[in-house]
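# Coordinate analysis (summary)
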Amino acid sequence: MSIIKKLEEIEEYDLANLTNSEEFYASGNNFTLKVGPNWHPTCQLSNLEMSSWQLGPNFPSWIQSQKDLETLVMSNTGISDSIPTWFWETLSDASYVNLSHNDIHGELAIILKNPISIQFIDLSSNHLHGKLPHLSLYVNWLDLSNNSFSGSMTDFLCKKQDESMTLRYLNLGANNLSGEIPDCWIMWPYLVEVNLQSNHFVGNLPPSMGSLAELDSLNIRNNSLSGIFPPILKRTSKLISLDLGENKLTGIIPAWVGERFLKLKILRLRSNRLLGHIPNEICDMIFLQDLDLAENNLSGNIPKCFNHLNAMLLKNRPMNSLIYTITTSWVGTQGIVSTLLWVKGRGIEYRNILGLVTNVDLSDNNLSGGIPREITNLDGLIYLNLSKNQLIGQIPPSIGNMRSLESIDFSRNQLSGEIPSTISNLSFLSKLDLSYNHLWGGIPTGTQLQSFEASSFVGNNLCGPPLLVNCSSSRKIPNDDHKGKKSDSHKVNGFFVSMTFGFIVGFWAVVAPLFIYRSWRYAYFRFLDDMWNKVQCFWRL
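Let me sum up the structure you'll find in this document. (Residues numbered from 1 in each chain as written. Predicted model: local features only at pLDDT ≥ 70, side-chain atom pairs only at ≥ 80, totals over all residues. Heavy atoms only, no water.)

This next bit is on the overall build of the protein. Of regular secondary structure, the protein possesses six helices and 37 strands. When burial is assessed residue by residue, the protein has 49% of its 541 residues classed as buried. Once local pairs closer than 6 in sequence are excluded, the contacts in the protein between residues at least 24 apart make up 51%. On the protein, roughly 26400 Å² of surface is accessible, and the fraction owed to carbon and sulfur atoms is 52%. (Helix = DSSP H or I, 4+ residues; strand = E, 2+ residues; numbered from the N terminus. Buried < 20%, exposed > 50% of the residue type's maximum accessible area, 1.4 Å probe, protein only. Contact = heavy atoms within 4.5 Å. Areas by Shrake-Rupley, 256 points an atom, 1.4 Å probe, with all protein chains shown as cover.)

Okay, structure coming up:
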């Protein structure tokens, strides 16, 4: 029977005290292993987990004595050394090795004499560099993300094998890999998750990537991919998460995206060069929780069918806080999907609570028309960003129905009318930006709206706190005032026109006959002489 020792309160432990044990488990931030450089434990362990211990800075040499290890976890242990060659020989029969979140350096492809054979291996968040290492047929789970691997993927991906690779989870994100993505994916038919984000890949997605029929999650954001939206993805109908943001894709969003990706929960195409309308077929994605189409050249109206996105309705929201794909039956190696959301003005990586997040971001496009009333039926939506478009009309009064909203950004549009008083129903609202529109009137009072910065309302004709403009001294209905000004202006102009016209008519009514009739002239001048004589006599008296 295995003896499992769990340490929860001590700060130091000497493995010399551990004898006749098969398993040792301890994790925490306050553990320190103090042993001499030549120490060799007398026990033989099968499972050893010491995450967050202080084992470094050197790679612990006593691991070499553990010939029966199946599981080794030494993540976040302060190791700033290279992995010795004996390590791979000692753990050649191990199933799970986790050395993530250390400062391990070195060129892995040179250190390894043979392809990696450990079934599940996590070397993420270190300083490994050079070419990618070769894998054996039986590696199932590989995470080399957040390192400094460079060069092409060709040697890694396209090495000829007699059998197909069994790898299901591949994470090479946040490295310095470059060139085109090789067209060898047909040799990796069991892949469920592929993460190549934040590298330097160029060109189109290769046709063989469409052969990944089991693919649940594809993340290639923050590269330099070009071309139209990849039609080869039509065959990957099991996708739950698709992130092609921060690339250089062009053309339209095809209608088949909504027809084929019926299981999709995350669709992120942010910061590309896509144009055309948002296809109505997107509304058929009833499981969609995160729709990010920001920073493109999309035009036309916002689809009115957004109220069909059932996952954004509070009553139908699943309670699971994670979005994950089962990449293997091995305990603890489910692939938890993560994504980068731009909310409240900054990018935030969501992972552990992603299943509870709902987001619609259509900002920085050329969308026109009004904000459809139907979008306010999404009472489970948390983040809504429609800023930097050409939207017109009023903010729908039914926005108060969106009870879960925490962030609204309608800034830099051409919205008009008053801020609907129903916005006071949004008790979870922590960010609001309505700046630079054509809104007028008083900011609704008695709500948390007064707690926002004045910058959230500038560039309008609004009054009341948090603005310094007093509503009693400001015009409440600028449109009517403009009409009034226009009417008064017309009245004034009419007066002067009438006066001028009357003067001209009167003048010529008197003067014209004097030119035409001589007798009138004589009579007129006699009249003037008589009047002048009378005036002189009056002054003499």
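This is not the end of the story, as more comes after the structure.
All right, on to the state of the cysteines then. Two cysteines whose sulfur atoms are joined by a covalent bond form what is called a disulfide. A complete count under the given rule lists three disulfides for this structure. A sulfur-sulfur separation of 1.8 Å characterises the disulfide bridge that pairs Cys 158 with Cys 184. Measuring the twist about the S-S bond at about 95 degrees, one finds the Cys 158-Cys 184 disulfide to be right-handed. Note that Cys 158 is positioned in the loop between helix H3 (154-157) and strand E13 (169-171) and Cys 184 in the loop between strand E14 (176-180) and strand E15 (193-195), a separation of 26 residues in sequence. Of the two residues, Cys 158 and Cys 184, neither departs from the other in class, the shared state being buried. Disulfide partner of Cys 283: Cys 305, at an S-S distance of 2.0 Å. Given an S-S torsion of about 70 degrees, the disulfide between Cys 283 and Cys 305 has right-handed geometry. Of this pair, Cys 283 sits in the loop between strand E22 (273-276) and strand E23 (290-292) while Cys 305 is found in the loop between strand E24 (297-300) and strand E25 (324-325), placing the two residues 22 residues apart along the sequence. A relative accessible area of 3% places Cys 283 in the buried class. A residue is classified by how much of its surface remains accessible, and Cys 305, at 16% relative accessible area, is buried. (Disulfide = S-S within 2.5 Å.)

Attention now moves to the packing of aromatic side chains. Aromatic ring pairs are defined here through the distance separating the ring centres and the angle between the ring planes. Inspection of every chain in the model, using the stated rule, returns eight aromatic pairs. Here the aromatic rings of Phe 59 and Phe 87 are separated by 5.2 Å at their centres, their planes lie at 80 degrees, and the arrangement is edge-to-face. Separated by 28 residues along the polypeptide, Phe 59 in the loop between strand E5 (47-49) and strand E6 (71-73) and Phe 87 in helix H1 (residues 85-90) bring together distant segments of the chain. Ring plane angle 85 degrees and centroid distance 5.3 Å describe the contact between Phe 87 and Trp 88, whose orientation is recorded as edge-to-face. Here a set of aromatic residues connected by ring pairs shows up, and it is made of Phe 59, Trp 86, Phe 87 and Trp 88. (Phe/Tyr/Trp six-rings, centres within 6.5 Å; stacked < 30°, edge-to-face > 60°.)

Moving on: the sheet that holds strand E8 (residues 105-107). Taken together, 10 strands build an open sheet; the order of strands is E8-E10-E12-E14-E16-E18-E20-E22-E24-E30 and the sheet is parallel. The open sheet has two free edges, formed respectively by E8 and strand E30 (366-367), since each of these has just one partner strand. (Pairing = 2+ DSSP bridges.)

Glancing now at the sheet that holds strand E32 (residues 392-393). Pairing within the open sheet is parallel, and its four strands lie in the order E32-E34-E36-E37. Unpaired on one side and paired on the other, E32 and strand E37 (461-463) mark the two borders of the sheet. Looking at chain direction, strand E36 (residues 438-442) and E37 are connected through three bridges and run parallel. Among the inter-strand pairings, Trp 440 is bridged to a residue of E37, identified as Asn 461.

Turning our attention to the side chain of Ser 456. The topology assignment puts Ser 456 in the loop between E36 and E37. Here Leu 432 takes part through its backbone oxygen, which lies 2.8 Å from a polar atom of the side chain of Ser 456. Those residues in contact with Ser 456 that lie beyond four places of it in its chain are Leu 432, Asp 433, Leu 434 and Ser 435. (Polar contact = N/O pair within 3.5 Å; in protein donor to acceptor, adjacent residues only side chain to side chain.)

Moving on: the side chain of Thr 90. Turning to its location among the elements, Thr 90 is positioned in helix H1. Residue class for Thr 90 comes out buried when judged on its relative accessible area of 12%. For Thr 90, the contacting residues outside a window of four places in its chain are Ile 63, Gln 64, Gln 66 and Lys 67.

With omega at 10 degrees, the peptide bond leading from Gly 56 into Pro 57 counts as cis. On the secondary structure map, Pro 57 appears in the loop between E5 and E6. Between Pro 465 and the following residue, Pro 466, the backbone shows a cis peptide bond with an omega angle of 10 degrees. Checked against the element boundaries, Pro 466 lands in the loop between E37 and helix H5 (478-516). Its identity as a non-glycine residue notwithstanding, Ser 52 has a phi of 70 degrees, on the positive side. Take Ser 52: it is sitting in the loop between E5 and E6. For Ser 198, which is not glycine, the phi dihedral falls at a positive 55 degrees.

Time to look at the pattern of salt bridges. The tally for this structure, following the rule as stated, stands at 11 salt bridges. Glu 214 serves as the salt-bridge partner of Lys 238, at 3.2 Å between the closest nitrogen and oxygen. Here the residue Lys 238 occupies a position in the loop between strand E18 (224-228) and strand E19 (241-243), and Glu 214 occupies one in the loop between strand E16 (200-203) and strand E17 (217-219), the gap between them amounting to 24 residues. A salt bridge links Asp 361 to Arg 270; its shortest N-O distance comes to 2.9 Å. Remark: Arg 270 occurs in the loop between strand E21 (266-268) and E22 and Asp 361 occurs in strand E29 (residues 359-361); sequence separation between them is 91 residues. Each member of the pair Asp 361 and Arg 270 is classed as buried. (Salt bridge = Lys/Arg side-chain N within 4 Å of Asp/Glu carboxyl O.)

Bridge count for E16 against E18 is two bridges, and the pairing is parallel. Residue Gly 203 lies in a different strand from E18, and its bridge partner there is Leu 225. The pairing of E18 with strand E20 (residues 248-252) spans three bridges and is parallel. Counted as the bridge partner of Ile 228 is Thr 250 from E20.

Summarising the element assignment, Trp 141 is placed in strand E11 (residues 141-143). Among the residues examined, Trp 141 registers a relative accessible area of 8% and is labelled buried. In sequence terms Trp 141 and Thr 166 are 25 residues apart; their C-alpha atoms lie 9.1 Å from each other.

Moving on, we come to the environment of Leu 429. Counting through the fold element by element, Leu 429 comes out in the loop between strand E34 (414-417) and strand E35 (431-433). Here Leu 429 falls in the buried class, since its relative accessible area comes to 7%. Sequence-wise, Leu 429 and Gln 448 are 19 residues apart; in three dimensions their C-alpha atoms are separated by 7.9 Å. Once residues lying within four places of it in the same chain are set aside, the contact partners of Leu 429 are Leu 405, Glu 406, Ser 407, Ile 408, Gln 448, Leu 449 and Phe 452.

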